[in-house]
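Residues per chain, in single letters:
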Amino acid sequence: MAVPDRTRHRRNAWLSVLVVAFVVSTASLWMFVLHNIGTYRDLDRQVAETNARMTAKAYQEYVLRTIRQIDQAAQFMRKEYVKSPGNLAESVQEISTILSSDLLFQVAVISRNGRLTFSNLQAVTESIDLSDREHFRVHLEEDRDFLFISRPLLGRVSQKWTIQFTRKIFDDRGDFIGVIVLSVDPYYFGRFSETVSLGEQDVIALLRSDRTVMSRVVGGNYDQKYLGTVIEPRPYMDPLAPDSGVYETASAIDGIKRFVGYQKIRQYGLFVVSLIDRDAAFLRSDRAVFNGVLIGVAGTLLLILASLAFGVAIWAVFNDYRTVRTMNVVLKKAHDELETVNNALKQREEELVVLSETDPLCRISNRRRFMSVSEAELVRHRRYGRIFSLFILDIDHFKSVNDTHGHSAGDAVLVGITHVIQKRLRESDTFARIGGEEFAVFLPETDVAGALVVAEDLRQSVAATTIDIGGDRCVAVTVSIGIACLDNGQSSVSDILNRADKALYAAKRDGRNRSVVDGMCTVPT
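Residues numbered from 1 in each chain as written. Predicted model: local features only at pLDDT ≥ 70, side-chain atom pairs only at ≥ 80, totals over all residues. Heavy atoms only, no water.

Peer 1: Hey, could you run me through the sheet that holds strand E11 (residues 257–265) in this one?
Peer 2: Hydrogen bonds along the backbone pair up the strands of a sheet, which may run parallel or antiparallel. Spatial ordering of the open sheet is given by E9-E8-E7-E12-E11-E10, a layout of six strands whose pairing is antiparallel. Each end of this open sheet is capped by a strand with a single partner; those strands are strand E9 (221–222) and strand E10 (244–250). As paired elements, strand E7 (residues 203–208) and strand E8 (residues 213–218) share five bridges and run antiparallel to each other. Across the sheet, the residue bridging to isoleucine 204 is valine 217, located in E8. (Pairing = 2+ DSSP bridges. Helix = DSSP H or I, 4+ residues; strand = E, 2+ residues; numbered from the N terminus.)

Encoded structure:
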């Protein structure tokens, strides 16, 4: 019996080896599959969260820039109204040449008793009571002077959806005499979607702190039906929540699960959100799950067959060796793909930074970039005593180009003037588009006399240039320029810009197509 027992022991020993080999090989295979599935899902999540965060940040810059333009216009027209109520229509016409032509929809004045007294859309011939409007009540009941942003509402005069931007009007004694109202189409806040790539279910939205939907774009399409809707509370709406962040949740409007990147704009009581479709973000990792399970099941069946006989066990050993080699190749491929995606992610981050500092139409610096360079040069001045000057230039009668030839012609004029000016500036100069048809030039190591020479050269070059606007049509335009130099008493670049802006207004007031130096700067004779 010794031989059969020895045979049985050997058989059991081989069976034990086969069982152990099968369990170890199967466990290793599924660990590899699950690890790769987890890696793909983590990578997809990282890409989606970064995209949501960066898009929300860029959208915040767009919204802030737009609101500041509107507030500057409101304060200007309020001042003009107090100075001469009967000339407000002319002030509206003047400000419309400075702001983007499709930004300002309606300008109105509500008297202290809540009655509409002025509208640039039509003559006010009957008494319209607006005393129940939120934007009137809040100024009537509060003493402080601030910009108020209303919920979207349907205008009683215009019969269009608008967002009201309002400020109090005071007389010379400081008494409340009414409210200046600038009505803006909510669609304008959705135009940011034209500068980014959105998936079919990706969303960008602007909300008030009371959870009211101010603007919403889905997949690049403006969505008006939810304007004014109050959504359920979201985590970022908690006053103690950080000013920015990313989290995952189902939409309060359509129930679709998305990654939500948000930015708070506390000074105006607003939130901007970027929502990235979760299903679309995980498409690649979902395919990896299917392929991984398929590989795991096929590998398990193969190992079961390999354990049926001693001879197949030898095959299983070599097969396991080949499987390990295959795993290494797949792992290296996955590592290479991960590195490629990381590089693409870094490139995307760099592109978003460039996007946030570049004007999308003219392909030059925007206001944010201009302010960053100017503030840095101001620091150099304070430390090393370096000089600089800057000027603002504005296209004369630009609105008439849009009205006569269309907005595409206006865009061609902006691009054409950009090319003319860029060719005449130094590499060290900073040229930026800071408004609709308003540009700024920063000139380091340049006093006011040198700035005036540069400004006049640019002004004359623009006036001598004929710009092709398509369709065998050409136009010639002129520019007005306001120049300001560094003054030791100025505390910020904004102060110097304000002086240049006042000089620009003087140039326009004196007939346009001219350069005017701010009165605080002395030009050598």
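Moving on from the model shown.
Peer 1: What is the right way to look at the pairing of strand E6 (residues 176–184) in this model?
Peer 2: Moving residue by residue along a regular strand, the side chains alternate between the two faces of the sheet. Among the nine residues of E6, eight are classified as buried, and the element is accordingly described as predominantly covered. Pairing of strand E5 (residues 161–170) with E6, which is carried by eight bridges, proceeds in the antiparallel orientation. Paired with phenylalanine 165 across the strands is leucine 182, a residue of E6. Taking the residues between adjacent antiparallel strands as the criterion, E5 and E6 are bridged by five residues, where glycine 174 takes a positive phi near 85 degrees. (Buried < 20%, exposed > 50% of the residue type's maximum accessible area, 1.4 Å probe, protein only.)

Peer 1: Is there a simple way to explain the side chain of arginine 258 in this structure?
Peer 2: Along the chain, arginine 258 falls in strand E11. In terms of polar contacts, arginine 258 uses its side chain to reach the backbone carbonyl oxygen of glutamine 201, at 2.7 Å. A polar side-chain atom of arginine 258 sits 3.0 Å from a polar atom in the side chain of aspartate 254. Residues contacting arginine 258, with those up to four places away along its chain left out, are Gln201, Val203, Tyr247, Glu248, Thr249, Ser251, Leu275, Ile276, Asp277 and Arg278. (Polar contact = N/O pair within 3.5 Å; in protein donor to acceptor, adjacent residues only side chain to side chain. Contact = heavy atoms within 4.5 Å.)

Peer 1: I tried to follow the environment of phenylalanine 170 on my own but got confused; where do I start?
Peer 2: Among the secondary structure elements, phenylalanine 170 is positioned in strand E5. Once the C-alpha coordinates of phenylalanine 170 and tyrosine 81 are considered, the two residues, 89 residues apart in sequence, prove to be 9.9 Å apart. Excluding anything up to four places from it in sequence, phenylalanine 170 contacts Arg78, Val82, Asp145, Asp175, Phe176 and Ile177.

Peer 1: Teacher, can you tell me more about helix H8 (residues 367–384) here?
Peer 2: One turn of an α-helix holds 3.6 residues; hence residues three or four places apart share an orientation. In a regular helix each residue adds 1.5 Å, so 18 residues correspond to 26 Å; H8 covers 25 Å between its end C-alpha atoms and thus fits that length. Among all positions in H8, only Phe370, Met371, Val373, Ser374, Glu377, Leu378 and His381 are buried. Buried residues of H8, seen end-on, are gathered within an arc of 165 degrees and therefore sit on one face of the element. Looking at H8, the residues exposed on the side facing more than 90 degrees away from the buried face are Arg382, Arg383 and Tyr384. (Expected span 1.5 Å × (residues − 1). Arc of directions from axis to C-beta.)

Peer 1: It is not clear to me how the nonpolar core should be interpreted in this structure. Could you clarify?
Peer 2: Inside soluble globular proteins, nonpolar side chains tend to come together where they are buried. Formed by 40 residues in total, the largest nonpolar core has its most connected members in Tyr59, Val63, Ile67, Met77, Phe165, Leu182 and Phe189. Element by element, the count of residues in this core is highest for helix H1 (residues 2–83), at twelve residues. The contacts of isoleucine 67, once residues within four sequence positions are left out, are Leu147, Ile149, Phe165, Phe189, Tyr268 and Leu270. The next biggest cluster of nonpolar side chains, apart from the first, holds 32 residues, and it includes Phe398, Val420, Ala451 and Val477. (Core = buried A, V, L, I, M, F, W, Y, C linked by side-chain atoms within 4.5 Å.)

Peer 1: I keep staring at the packing of helix H10 (residues 407–422) against helix H11 (residues 448–463) and nothing clicks. Help me out?
Peer 2: A pair of packed helices can be characterised by two numbers: the angle between their axes and the separation between those axes. Viewed as axis vectors pointing N to C, H10 and H11 meet at an angle of 135 degrees, and their least axial separation amounts to 10 Å. Relative to H11, the element H10 lies oblique. H10 and H11 meet at a crossing whose hand is right-handed. Between H10, through Ile417, Val420 and Ile421, and H11, the contact on the second element is made entirely by Leu458, Ser461 and Val462. Among the residues forming the contact of H10 with H11, the class breakdown is five nonpolar, one polar and no charged. (Axes fitted to C-alpha atoms, helices over the stretch in contact; angles between N-to-C directions. Parallel < 35°, antiparallel > 145°, perpendicular 65-115°, else oblique. Left-handed = near helix turned anticlockwise from the far one by under 90°. Nonpolar A, V, L, I, M, F, W, Y, C, P; charged D, E, K, R; others polar.)

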